[in-house]
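Inside the fold
Single-letter residue listing:
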Amino acid sequence: MKLFLPLLLPLLFYQLMSSPVLANTCPKDCSCQDSIFCFSRKSTKMPSEVPTTTKNLYVFKNGIESLSQEDFVDLDSLEMLDLSQNKLTELPDHVFEPLSSLHNLDLSANQITHISKDSFAGLELLERLYLYSNLIESIHPAAFDGLQQLLELKLQGNKLTIMPALKMSHLLLLDLRFNNIPSPEPNDLQTPKLESLKLGGLGLTSLNEELFGGFKNLHELDISNNQLTTFPEVLREARGLVTLSLAGNPIRPVKWEDFEKLTELQELDISNLNLQGLPETLSQVFPNLKRLSVAENPFNCLCNLAWFPSWLRNNEIQLGRTEETRCHFPPFNSGKVLERLGHREFGCPITTTVTTRTVKTTPVPPAPVTSLPSTTHAVLPAKPSDNPSTETDYDPLPPTPSTSIDPILRSTFCRTNFCLNGGTCWLDNEGQRQCICLPRTSGTYCQKEEKDEGVPTTIGTVEPEITATMVTSSSILLDLHRYIDMRPHIRGVKLTYKNLSALDKRPKHLNVPPSYPEYTLRGLQPNSTYSVCASPLGEHGSMDLVCTEAQTASQQITARREDPKLTTMLIPAVAILLLLVLIAVAVGVACYMHKNKSKAHLDLECDPSQLELEGMDNGALPQKQEIISCPSTAQNGGLDYEVPLIQDHHSANNNMNSLKPSYF
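Everything in this summary refers to the structure shown in the same document. (Residues numbered from 1 in each chain as written. Predicted model: local features only at pLDDT ≥ 70, side-chain atom pairs only at ≥ 80, totals over all residues. Heavy atoms only, no water.)

A few points about the nonpolar core
Nonpolar side chains tend to gather and get buried jointly when the protein is soluble and globular. One finds F96, F120, F144, F259 and F308 to be the most contacted residues of the largest nonpolar core, which totals 98 residues. Breaking this core down by element, the ones donating at least two residues are α2 (209-213), α3 (282-285) and α4 (307-314). By residue number, the principal contributor to this core is α4, which donates 4 residues. Apart from the residues within four sequence positions on either side, F144 is in contact with F120, L129, L131, I139, L153, P164, L166 and M168. Among the nonpolar cores identified, the runner-up in size contains 21 residues, and I476, L478, Y483 and Y497 belong to it. (Core = buried A, V, L, I, M, F, W, Y, C linked by side-chain atoms within 4.5 Å. Buried < 20%, exposed > 50% of the residue type's maximum accessible area, 1.4 Å probe, protein only. Helix = DSSP H or I, 4+ residues; strand = E, 2+ residues; numbered from the N terminus. Contact = heavy atoms within 4.5 Å.)

Looking at the sheet that holds strand β31 (residues 546-551)
Taken in spatial order, the 4 strands line up as β28-β27-β30-β31 in an open sheet, and their pairing is antiparallel. Looking at strand neighbours, the two that pair on one side only are β28 (508-512) and β31, the edges of this open sheet. Between one strand axis and the next, the sheet turns by 25° as a mean value, whatever way the strands run. As paired strands, strand β30 (residues 529-536) and β31 are joined by 6 bridges and run antiparallel to one another. For Y530, the partnering residue across the bridge sits in β31 and is A550. (Pairing = 2+ DSSP bridges. Axes fitted to C-alpha atoms, helices over the stretch in contact; angles between N-to-C directions.)

Concerning the packing of aromatic side chains
A full pass over the atoms with the stated rule returns 12 aromatic pairs. Arranged with centres 5.7 Å apart and planes meeting at 40°, the rings of F72 and F96 form a pair that is tilted. In this pair, F72 is assigned in the loop between β3 (56-58) and β4 (80-82) and F96 in the loop between β4 and β5 (104-106), connecting sequence segments 24 residues apart. Here Y130 and Y132 contribute two aromatic rings whose centre-to-centre distance is 6.0 Å and whose plane-to-plane angle is 45°, an arrangement assigned as tilted. In this structure, Y130 and Y132 share a single accessibility class: buried. (Phe/Tyr/Trp six-rings, centres within 6.5 Å; stacked < 30°, edge-to-face > 60°.)

Concerning the environment of K117
As for its position among the elements, K117 is in the loop between β6 (114-115) and β7 (128-130). Look at K117 and you get partly exposed, because its relative accessible area is 49%. A sequence separation of 23 residues divides K117 from H140, and the C-alpha atoms of the two residues are 5.4 Å apart.

Remarks on the state of the cysteines
What the rule picks out here adds up to 5 disulfides. The side chain of C26 participates in a disulfide bridge whose partner is C32; the two sulfur atoms lie 1.9 Å from each other. Linking C26 and C32, the disulfide has an S-S dihedral of approximately 80° and is accordingly described as right-handed. Disulfide partner of C301: C327, at an S-S distance of 1.9 Å. Judged by the torsion about the S-S bond (-95°), the C301/C327 disulfide is left-handed. Taken together, the residues span a long stretch of sequence, with C301 in the loop between β18 (299-300) and α4 and C327 in strand β20 (residues 327-329) at a distance of 26 residues. Each of the two residues, C301 as well as C327, counts as buried. (Disulfide = S-S within 2.5 Å.)

Here's the deal with the sheet that holds strand β29 (residues 518-521)
In space, the 3 strands of this open sheet follow the order β25-β26-β29, with antiparallel pairing throughout. Looking at which strands have only one partner, the edges of the open sheet turn out to be β25 (467-471) and β29. Across this sheet, the average inter-strand angle for adjacent strands is 30°, counted without regard to direction. The pairing of strand β26 (residues 476-479) with β29 spans 4 bridges and is classified as antiparallel.

Examining α4
The set of residues buried in α4 consists of W307, F308, P309, W311 and L312. Of the residues trailing α4, E316 is marked for its positive phi of about 50°.

On their own, these measurements won't tell you what the molecule is for.
And the structure:
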């Protein structure tokens, strides 16, 4: 042992000095913890002396003007590179080639004008490529040919006039909004697993039926701000759609029977369609609706629309762009927020309002119309007094006439258990929810308690801090609003999820910025139970771990109507196919008879490739076990939270290509 000690000491010393953590190596003007953040360095060059073991490198908003391959030499362990919000105008050929392990590349909000054939050469494992908000005018037709593992491609907000053909067998999300490209043709998008397609702001006048008929997994479609004058015929049979945006199209008029077969819709945006009213049968048309946006419509707020606010509350449907959803008529309701109107403000007959209790109580002076009914002190907290006098003592914010919020709405609009420890949720005059806390409690949600000696601390029913608000057969939309709001200084959220129904229950990890109040996990397996946990980014241990579970839906196969033309073509095709099979069998028998070698070897004259049927693609056959990716939906209410990407990706698994989560 003494003989080996002199040899071991230099080796241990070398390992300690070479460790990036112990040696405390960090690029100048950057902060280094789990990842390297170089924010607002005000430098035109990439940072130098980046540790070779770095996995996540964020160099956004630095003023970088150019890149070279030398900037990335020896960074073959890098998995995440964020170069957004810089001043890059071009991408030199093969510039990213040293980054052989890169999974995520964010080049958004630069000034790039052209993508060449070899701009992304060497990035064979790349899964997410963000190029939005640049000045891209052209893309070489073969620029994306080597990105066969790509899951998400964002090209919105550029100056493209020609759509590059995309042949990506694993692509799940494609965003082409606000370019100058024509309507994509079937040959333009050879993406059989596509789940989310965004074509807003392209000036489309119609949708290619052959293109959309070929999408089997499409669950999210954004065709807003186009020039569609009628409801697209191809969408009437799109039963699998979960999210649909038609906002800003000159569709006149909107026919609700067009939506009859879209019963799976959970999110619908029909803003700015010149709607003056909504049918009361909306709940029957959309039985699974969870989010609805009807902003910028000239609503006529009379009694025939009085059902709408209560329908939203009773069905817990979230109304998007609330402040932009206002009444235009009649004059006494003009400018008022539709969702906050009380029933009587729609001008309905007095017999339709619930006022019988107030009228019958004649021994005491009648209460004003704007006061709360006597049942509300089960909802509002009592003042700390031994002898409360009247019901008005329980009303901390008496409503004002005309533009004030209906008192009944104040006590019923909030979700159950929005506030903790017995606190009461209250809607202020601006429509914002706040918590009125009981004595000895404080905080935004009354989550802080003052402990008295000898008095045990009790915690009421707590609303989950993370919830699955929208679930499809292959995606889970997580609501992180509450989790992030209760931790105002959090650097990010670490999400850990695993499939409890699978044999492989190894967890996968994602890091989400605090500016992502909602996040969608995509590419999940259908009919499976997933456990999802959240913890503060950069903190170890499980003291602040919050978890939830969600069950993905079963995969549904949509029956399609049989085309008569297809039927007439089917019989000759089957006959030709049988003939080819007979020929193949005959050739096989002939080859077998001419074999002079052992069974273990193949004769060159009997190459199996000679027996393939015409049109059969070898690549269509799965090389390994293939899990078919099912449709999913968007989170975020149709909004993209375009902030620096944060990704702590697990190692790639060749058998699980379709199970990667979305960073959308």
